[in-house]
Amino acid sequence: MELILDHVSHSYGDVEVLSDISLSVGSGEIVCIVGPSGCGKSTLLRILGGLEKPDHGAALIAGEPPSDSLNPLTYVFQDFALLPWRTVEGNISLVLEDHSVRKDKARAIITDVLARTKLSEFANAWPRQLSGGMKQRVAIARALSVNPAVMLMDEPLSALDSQTRELLMDDLIELWGQVGFSACYITHNLAEAVRLGHRIVMLSRRPGKIREIVDIDIPLSERINHPAETSAIQRRLWEAMRDEARAADRELSDVA
Amino acid sequence: MSLDATNEIETRTRRNTSDLQQSRKGLVKPVPFRGGGFVHTRHRLIAPLLFVVLVILWEVGSQTGFISNIALPAPSEAAGAMSDLFETGMIWKHLSASLYRLVIGWSLGSLIGVFVGLAIALFSLVRAGVSPFISALFPIPKIALLPLFIIWFGIGEGSKVATILFGVFFPTVIATYGGVDNVDRNLIRMGQSFGLSWMSIVRKIIIPGALPAILSGFRISASIAIILLVAAEMIGAEYGIGAYILMAGALFATDQLIAGVAMLSVLGLTVGWLISRAERLLLSWRA
């Protein structure tokens, strides 16, 4: 299955946030979207997952999602969005209950995703007991449990400290090696993008337009061994983005 | 680095600091401590102890004649009135009549209140239509409407239950829809993004999220219910704590009056304790 954005433009009132954006996320592919703050990255992700309707253009699905996918387009949020009144296990079973996966089948799925995200011994913990990194692991486990065709990740590591971020990046790469999920990964952190993205799409300042698309051929698991290449890409992206980021920083904004 | 070397460095550092204090006497002093305080520590015994001390002082004051018996009866007299109540068995008659009205009035009021509150919070049409009425009717003292309730619901239990019901209804509505409004929007968006049904989002995300606010609303509405209970029982009730207090007041039997008031306090404490239990049970996730 392929997720496509076809000439999408969107405005909030008079403010145009996205302008004529076309991109696609193929099967097993991680597409990173980077851009200065306020360039409409999150809006783009909301449009991709059907939480918002674009003014022009459309988000399209090409091909059928896998038949065992309960929720083809699944989000991972920056603030984790875990229910504080449910345990780790309960948070995952929440999203299975509505797809009438129950009892043994649900238990099997939960055990599997908890093992994949290294959370097995925390099944009965409350979210308040977990560190930020563990909370995001739970959120990723929850997303995996519905077997998504594409994961829509909205700055999933931005609320974490840099050490936790490193750990979680390694985990995501390992997980991708196992599951081969596809993802649209929004971030403002270029280091994350060059570590995790098969393709990096750089947006310009508001209204967000595609400025550059960079494909990185180095396999995800080997990038850590190619620091020269990745940091060269990262530097080039930053050179291209710096002036816009500075201008965006000095902008008054009424759009959340 | 070897262990010995580490130890040596450690001892040297320690010696250096103490040297510093000695060699520069007068010049070196510790940074003054300015932290501490403003932290609550639990003192379980203080409240009962203070209560006992106050009662003893009161008793002594009454015995010595410092407190006139006409102004305030001695605690022992009030205790006597209380034990009379137990001996004659009248306490159960009064208490059961009051509890019946309280439980029915409060439960119905809370139930309807939570439903209306949810409806206001979830449907903008209901909010636009009903919430101005809530704001308009909430500040009316329900006791003022008691004569109307008597005409509508009869002089018997109906009017008393209705007074409590209406008194409980409004604060519950406001607590409920305030609670729902404060549920994290991101959690709702999360539910939608995972394809949860509307009913599931309400049941599993919105109601548990609003529960802390609803329960603290219950705390307030329960106290309002007790106040209204007494007020309602002062009109045309044969039994009930309010009727007992009214009768005591009419006869200037101040010892009985104090006994009745004590019953109300115990009732209030019990209700507060029950709600604390419910909070601990239902909100255990908050720790």
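Here the structure is shown first, and the text comes after it.
The present account deals with the structure reproduced in this document. Along each chain, the written sequence defines residue order, and numbers are assigned to residues from 1. Naming scheme: in the order in which they are written, chains are lettered from A and ligands are numbered from 1. Selection of residues for local features in this predicted model requires a pLDDT of at least 70, selection of side-chain atom pairs for listing and counting requires 80 or more, and totals for whole chains, interfaces and linings are taken over all residues. Water and hydrogen atoms were dropped before computing side-chain values, which therefore reflect all heavy atoms in the structure.

**A word on the environment of Phe51(B)**
Residues and elements named next belong to chain B.
Alright, step 1. Each helix is a run of H or I in the DSSP string that is no shorter than four residues. Each strand is a run of E no shorter than two, and both are numbered from the N terminus. You can see Phe51 is positioned in helix α2 (residues 46–64).
Alright, step 2. A relative accessible area of 57% means that Phe51 is categorised as exposed.
Alright, step 3. Sequence separation between Phe51 and Trp92 is 41 residues, and the spatial gap between their C-alpha atoms is 26 Å. Buried, partly exposed and exposed residues are distinguished by accessible area as a fraction of the type maximum, computed with a 1.4 Å probe on protein chains only: under 20%, between the cut-offs, and over 50%, respectively.

**Here's the deal with helix α5 (residues 124–137) of chain B**
Alright, step 1. Multiplying one less than the number of residues by 1.5 Å gives the expected span of a helix. Helix length check: α5(B), at 14 residues, gives a terminal C-alpha distance of 20 Å against a target of 20 Å (1.5 Å per residue), a fit within 8%.
Alright, step 2. Bend, in this description, refers to the angle at a residue between axes fitted to the seven residues ending there and the seven starting there. Of all the bends in α5(B), the greatest, near 35°, is centred on Val130(B), and the proline Pro132(B) appears no more than four residues after it.

**Overview of the side chain of Thr163(B)**
Alright, step 1. Turning to its location among the elements, Thr163(B) is positioned in helix α7 (residues 157–181).
Alright, step 2. Residues within four places of Thr163(B) in sequence aside, it is in contact with Lys142(B), Leu146(B), Phe149(B), Leu228(B) and Ala232(B). Contacts: residue pairs with any heavy atoms within 4.5 Å of one another.

**A short note on the pairing of strand β7 (residues 182–186) of chain A**
Residue and element names in this part refer to chain A.
Alright, step 1. Among the five residues in β7, five count as buried, and that is most of the element.
Alright, step 2. Of the two faces of β7, the one holding Ser182, Cys184 and Ile186 and the one holding Ala183 and Tyr185 are both buried throughout.
Alright, step 3. Two strands make a pair as long as DSSP finds a minimum of two bridges between them. Of the strand pairs in this sheet, strand β3 (residues 30–34) and β7 are connected by four bridges, and their pairing is parallel. Looking across to β7, one finds that Cys32 is bridged to Tyr185.
Alright, step 4. Since strand β6 (residues 150–154) and β7 lie parallel, the crossover through helix α5 (residues 162–179) that links them has a hand, and here it is right-handed. For the handedness criterion, the strands are oriented away from the viewer, and a crossover whose path from the first strand over the helix to the second runs clockwise is classed as right-handed.

**Side note on the packing of α5(B) against α7(B)**
Residue and element names in this part refer to chain B.
Alright, step 1. An axis is simply a line fitted to the C-alpha atoms; with a helix, the fit covers only the stretch in contact. Between two such axes, the angle follows the N-to-C directions and lies from 0 to 180 degrees. Contact geometry for α5 and α7: axes closest at 10 Å, N-to-C directions at 135°. What the angle tells us is that α5 and α7 run oblique. You can see that α5 and α7 cross each other, and the crossing is left-handed. Facing Arg127, Ser131, Ile134 and Leu137 of α5, the residues of α7 in contact are Phe169, Phe170, Val173, Ile174, Tyr177 and Asp181.
Alright, step 2. Residues were grouped as follows: Ala, Val, Leu, Ile, Met, Phe, Trp, Tyr, Cys and Pro as nonpolar; Asp, Glu, Lys and Arg as charged; and all remaining residues, including Gly, as polar. Along the lines of polarity and charge, the residues of the contact of α5 with α7 split into seven nonpolar, one polar and two charged. Oblique is the label for any angle not covered by the other classes, which are roughly parallel (under 35 degrees), roughly antiparallel (over 145) and roughly perpendicular (65 to 115). Definitions for this section: a left-handed crossing has its near helix turned counterclockwise from the far helix by less than a right angle. A right-handed crossing has that turn clockwise.

**Examining the pairing of strand β8 (residues 199–203) of chain A**
All names here are of chain A.
Alright, step 1. Counting buried positions along β8 gives five out of five residues, so the element sits mostly inside the fold.
Alright, step 2. Alternating residues of β8 divide into Arg199, Val201 and Leu203 and Ile200 and Met202, and every residue in both groups is buried.
Alright, step 3. Inspection of the sheet shows β3 paired to β8 by four bridges, in the parallel sense. Bridged to Val34 within β8 is Met202.
Alright, step 4. The pairing of β8 with strand β9 (residues 210–215) spans five bridges and is classified as antiparallel. Looking at β9, one finds that Arg199 is bridged to Asp215.
Alright, step 5. Where β8 folds back onto β9 in an antiparallel hairpin, the turn is made up of six residues.

**Some points on the sheet that holds β6(A)**
Note on sheets: strands pair through backbone hydrogen bonds, and any given pair is parallel or antiparallel.
Residues and elements named next belong to chain A.
Alright, step 1. Spatial strand order, β5-β6-β7-β3-β8-β9: six strands in an open sheet with mixed pairing. For this open sheet the edge positions go to β5 (73–76) and β9, each flanked by a neighbour on one side alone. When strand polarity is set aside, the average angle formed by the axes of neighbouring strands in this sheet is 15°.
Alright, step 2. Taken together, the four bridges between β5 and β6 define a ladder with parallel strand orientation.

**Describing the pattern of salt bridges**
Alright, step 1. Basic side-chain nitrogens of Lys or Arg form a salt bridge, by our definition, when they fall within 4 Å of a carboxyl oxygen of Asp or Glu. Summed over the entire model, instances satisfying the criterion amount to 21 salt bridges over all chains.
Alright, step 2. For Arg137(A), the salt bridge is made with Asp171(A), and the minimal N-O distance between the two is 2.8 Å. Of this pair, Arg137(A) sits in helix α4 (residues 132–145) while Asp171(A) sits in helix α5, and the two are 34 residues apart along the sequence. Just as Arg137(A) is buried, Asp171(A) falls in that class too.
Alright, step 3. With its nearest N and O atoms 3.8 Å apart, the salt bridge here joins Arg165(A) to Glu192(A). One end of the pair, Arg165(A), is in helix α5; the other, Glu192(A), is in helix α6 (residues 190–196), and 27 residues separate them in sequence.
Alright, step 4. Classification of Glu192(A) by relative accessible area gives buried; the value is 1%.
Alright, step 5. It is possible to trace a salt-bridge network through shared partners that takes in Arg86(A), Glu97(A), Asp98(A) and Lys204(B).

**Topic: the interface of chain A and chain B**
By convention, interface size is frequently given as the accessible area that disappears when the constituent parts associate.
Alright, step 1. Facing the 24 residues of chain A at the interface are 19 residues of chain B.
Alright, step 2. Once two parts are put together, the accessible area they lose, assessed with a 1.4 Å probe and summed over both, is termed the buried area. Across the chain A to chain B interface the summed buried area is about 1900 Å²; carbon plus sulfur atoms make up 66%.
Alright, step 3. Of all residues in chain A, Trp85(A), Asp98(A) and Arg128(A) bury the most surface against chain B, accounting for 33% of the area lost on that side.
Alright, step 4. Inspection of the region where chain A meets chain B yields two salt bridges.
Alright, step 5. In protein, a polar contact requires one atom able to donate a hydrogen and another able to accept it; more generally it is a pair of N or O atoms within 3.5 Å, and residues adjacent in sequence count only if both atoms are side-chain atoms. Summed over the shared surface of chain A and chain B, the result is 10 residue pairs in polar contact (both at pLDDT 80 or more).

**Thoughts on the nonpolar core**
Alright, step 1. Side-chain atoms within 4.5 Å link the members of a nonpolar core, which is a set of buried Ala, Val, Leu, Ile, Met, Phe, Trp, Tyr and Cys residues. Counting residues in hydrophobic clusters, the biggest one holds 131 residues, and the most contacted among them are Leu152(A), Ile200(A) and Ile205(B).
Alright, step 2. The leading source of residues in this core is helix α9 (residues 198–233) of chain B, at 15 residues.
Alright, step 3. Domain boundaries shown here were taken from an automatic or database domain assignment. Looking at this core, you find at least three residues from each of domain 1 (2–65 + 149–249) and domain 2 (81–148) of chain A.
Alright, step 4. Residues contacting Ile205(B), with those up to four places away along its chain left out, are Leu83(A), Trp85(A), Val183(B), Leu187(B), Ile188(B), Met190(B), Gly191(B), Leu196(B) and Ser200(B).

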